[in-house]
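Here is how the chains run, residue by residue.
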Amino acid sequence: VQLQASGGGLVQAGGSLRLSCAASGHTDSSHTLGWFRQTPGKERESVAAIRRNGGSTYYATSARGRFTISRDNAKNTVYLQMNSLKPEDTAVYYCAAGPYIIISAMGLARMYNYWGQGTLVTVSS
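No experiment lies behind these values; they were computed from the predicted model shown.

Trainee: I'm lost on the pattern of salt bridges in this one. Help?
Mentor: Here the idea is simple: oppositely charged side chains can pair when their charged atoms come close. Counting across every chain of the model gives three salt bridges. We note a salt bridge from Glu45 to Arg37, for which the minimum N-O separation is 2.5 Å. In this structure, the salt-bridge partner of Asp89 is Arg37, at a minimum N-O distance of 2.9 Å. Here Asp89 is found in the loop between strand S8 (77-82) and strand S9 (91-98), whereas its partner Arg37 is found in strand S4 (residues 32-38), with 52 residues between them in sequence.

Dropping the structure here:
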């Protein structure tokens, strides 16, 4: 599975961005799609994840209430709508694909087999 993330950029605090991640190749391996983020010197942290049917989602505490994950299976694309952005949301955002993952484990990076190249989100204060 190849993952291509896009949509990052520079935005002021309080603004919004929508990230996209298109999957190609053996997309049957992308039952669960997730977003993670990482800043220099820190471990990669989970943001949100969604199962193929879209009915099961996971949000990290930092994302809950501000971010919305969705997917379009016809386009093999997952989206992350980010609202009310804060400077602490500044990071490189990565999309990831994995098999069926139970909700309690959807935030664990080790559960995912495929990773995109990342897209930089910068939130200015």
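Trainee: Got a minute to help me understand unusual backbone geometry in this structure?
Mentor: Residue Asn76 is not a glycine yet carries a positive backbone phi of 50°. Residue Asn76 is classed as partly exposed on the basis of its relative accessible area of 30%. With phi around 50°, Ser84 is a residue other than glycine that occupies positive phi space. Here Ser84 shows up in the loop between S8 and S9.

Rules used throughout
- Residues numbered from 1 in each chain as written.
- Predicted model: local features only at pLDDT ≥ 70, side-chain atom pairs only at ≥ 80, totals over all residues.
- Heavy atoms only, no water.
- Salt bridge = Lys/Arg side-chain N within 4 Å of Asp/Glu carboxyl O.
- Helix = DSSP H or I, 4+ residues; strand = E, 2+ residues; numbered from the N terminus.
- Buried < 20%, exposed > 50% of the residue type's maximum accessible area, 1.4 Å probe, protein only.

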